[in-house]
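Each chain is listed here by its residues.
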Amino acid sequence: MYHSKITGLGYFVPENIVTNDDLSKIIDTNDEWIQERTGIQERRHIVKGSGETTTTMGLKAAKIAIERSGIAKDDIDFIVFATISPDYYFPGPGVALQKELGLKTIGALDIRNQCSGFIYALSVADQYIKTGMYKNILIVGAELQSIGLDMTTRGRNVSVIFGDGAGAAIISREEDLTKGILSTHLHSEGEHALELAVASPGMGGKWVTDILAENNPDDISYFPYMNGQFVFKHAVTRFAEVINEGLGANNLQISDIDMLIPHQANLRISQFIQKKFNLTDDQVFNNIQKYGNTTAASIPIALTEAWELGKIKSGDTVVLAAFGSGFTWASAIIKW
């Protein structure tokens, strides 16, 4: 058995900055209202007609991660791509990324676990490497969400939250069992699936033939729905549980955490968890203020930024934690 470690990180966000004041010009909202509830000041949205897609953003992040890892792209054995906003209904973006990178016919797996997607992808890669099946795996979390939001007052509770972007990591074999990914912990609770969901299109509800037949502009089932208070209540509980689960599995204490990277869902959730665990500002990294909630991309973007800023150093204990639609939640404990 081996351990796996992160050997390269990269991220990409569109240049187009959308501030709260920008949104107030098209939606009945304002900067104070958005910041008070979410902590978000601005987010990145692609420019319509730019040709940017989930795959192209993932590609840009992946190229940076590959270069920083020091491996050649042909050393990549497998791709795991996490997203809820693929270029096509099918196939998923994993194969598109394989093509754009010019890789040989390696396997490509798509992960549909929403805000927990990157940690699920990390866990899958970790298991493949631990068993010796692969040596270097590219994992990507990328989202193009702006084009699927209800950018009207009707959708303001959800649409002000989300942004576009991508993050990537190279996961490689590590023979020193005291380093790398120590453990990952994955959970789900499907009974609450529709509390945070996009209901259409779907085989269980409205399918393409229905869409074409009805062509109803007032049908909001294609836009994200979120029961905000319900999600917040469950998120703060599950975040704490899964962080403690990871610490306990590795005989670690809260005081051993050098850096917590929470999924950037809502700054108020992150602040609640920080206070609950009595962590300092230096022990928790947040960038939702700049990028909004980028779903599967949020953890790799934040992890990359924290590392670039020197906030993560060799030997640090890094904790990743996420909660999102599904409901799904997950954590990873890493010895950097």
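Residues numbered from 1 in each chain as written. Predicted model: local features only at pLDDT ≥ 70, side-chain atom pairs only at ≥ 80, totals over all residues. Heavy atoms only, no water.

Draft legend 1. Structural view of the sheet that holds strand S5 (residues 107–111). Taking strand neighbours across the sheet as the criterion, the five strands line up as S1-S7-S6-S4-S5 in an open arrangement whose pairing is mixed. Every interior strand has two partners, whereas the edge strands, strand S1 (3–12) and S5, have only one. The mean inter-strand angle of the sheet, taken between neighbouring strand axes irrespective of direction, is 20 degrees. Alignment of S1 against strand S7 (residues 165–174), held across nine bridges, turns out to be antiparallel. Paired with glycine 10 across the bridge in S7 is alanine 168. Sheet contacts for helix H4 (residues 93–101): strand S4 (78–82), S5 and strand S6 (136–143); angle to S4, the most-contacted strand, approximately 130 degrees. Lying on the sheet, helix H5 (residues 117–130) is in contact with S1, S4, S5, S6 and S7; it crosses S6 at an angle near 170 degrees. (Pairing = 2+ DSSP bridges. Helix = DSSP H or I, 4+ residues; strand = E, 2+ residues; numbered from the N terminus. Axes fitted to C-alpha atoms, helices over the stretch in contact; angles between N-to-C directions. Contact = heavy atoms within 4.5 Å.)

Draft legend 2. The arrangement of unusual backbone geometry in detail. Phenylalanine 90 connects to proline 91 through a cis peptide bond whose omega is 0 degrees. With respect to the helices, strands and loops of the structure, proline 91 is situated in the loop between S4 and H4. The phi dihedral of asparagine 251 falls on the positive side, at around 55 degrees, and the residue is not glycine. Considering the arrangement of structural elements, one finds asparagine 251 in the loop between helix H8 (228–249) and strand S11 (259–262). Of the residues examined, asparagine 251 reaches a relative accessible area of 69% and is grouped as exposed. (Buried < 20%, exposed > 50% of the residue type's maximum accessible area, 1.4 Å probe, protein only.)

Draft legend 3. Just helix H11 (residues 298–308), in detail. Counted residue by residue, H11 has nine buried out of eleven residues, so it is predominantly covered. Considered for burial, the residues of H11 that qualify are Ser298, Ile299, Pro300, Ile301, Ala302, Leu303, Thr304, Glu305 and Ala306. Glycine 310 sits one or two positions beyond H11 and adopts a positive phi of about 80 degrees.

Draft legend 4. A look at helix H9 (residues 267–276). Of the residues making up H9, those classed as buried are Leu267, Ile269, Ser270, Ile273 and Gln274. Summarising the axial view, the buried residues of H9 lie within an arc of 160 degrees, below the 170-degree limit, and thus occupy one face. Exposed residues pointing more than 90 degrees away from the buried face of H9 are listed as Lys275 and Lys276. Of the residues that open H9, the one with a side-chain oxygen 2.7 Å from the backbone nitrogen of arginine 268 is asparagine 266. (Arc of directions from axis to C-beta. Polar contact = N/O pair within 3.5 Å; in protein donor to acceptor, adjacent residues only side chain to side chain.)

Draft legend 5. Summary view of the layout of surface pockets. Counted as a void, the largest pocket has a volume near 1,100 Å³. As for the largest pocket, its lining consists of 32 residues, of which Ile84, Ser85, Arg112, Val198 and Tyr222 are closest to the centre. Looking at side-chain class alone, the lining of the largest pocket contains 19 nonpolar, ten polar and three charged residues. By volume, the second largest pocket amounts to about 790 Å³. Along its surface, the second largest pocket is lined by 39 residues, and Asn157, Val158, Ile161, Met226 and Gly228 are the ones closest to its centre. Going through the elements one at a time, helix H2 (31–38), helix H6 (156–159), strand S9 (196–197), strand S10 (225–226), H8, H9 and strand S12 (317–324) are the ones with two or more residues in the lining of the second largest pocket. Counting residues per element, the lining of the second largest pocket draws most heavily on H8, which supplies six residues. For the lining of the second largest pocket, the residue count by class is 22 nonpolar, twelve polar and five charged. (1 Å grid on protein atoms, 1.4 Å probe; cavity = no way out; pocket = protein on both sides within 12 Å on 5 of 7 lines; lining within 4 Å. Points joined across faces, edges and corners; volume = space filled by probe spheres on them. Nonpolar A, V, L, I, M, F, W, Y, C, P; charged D, E, K, R; others polar.)

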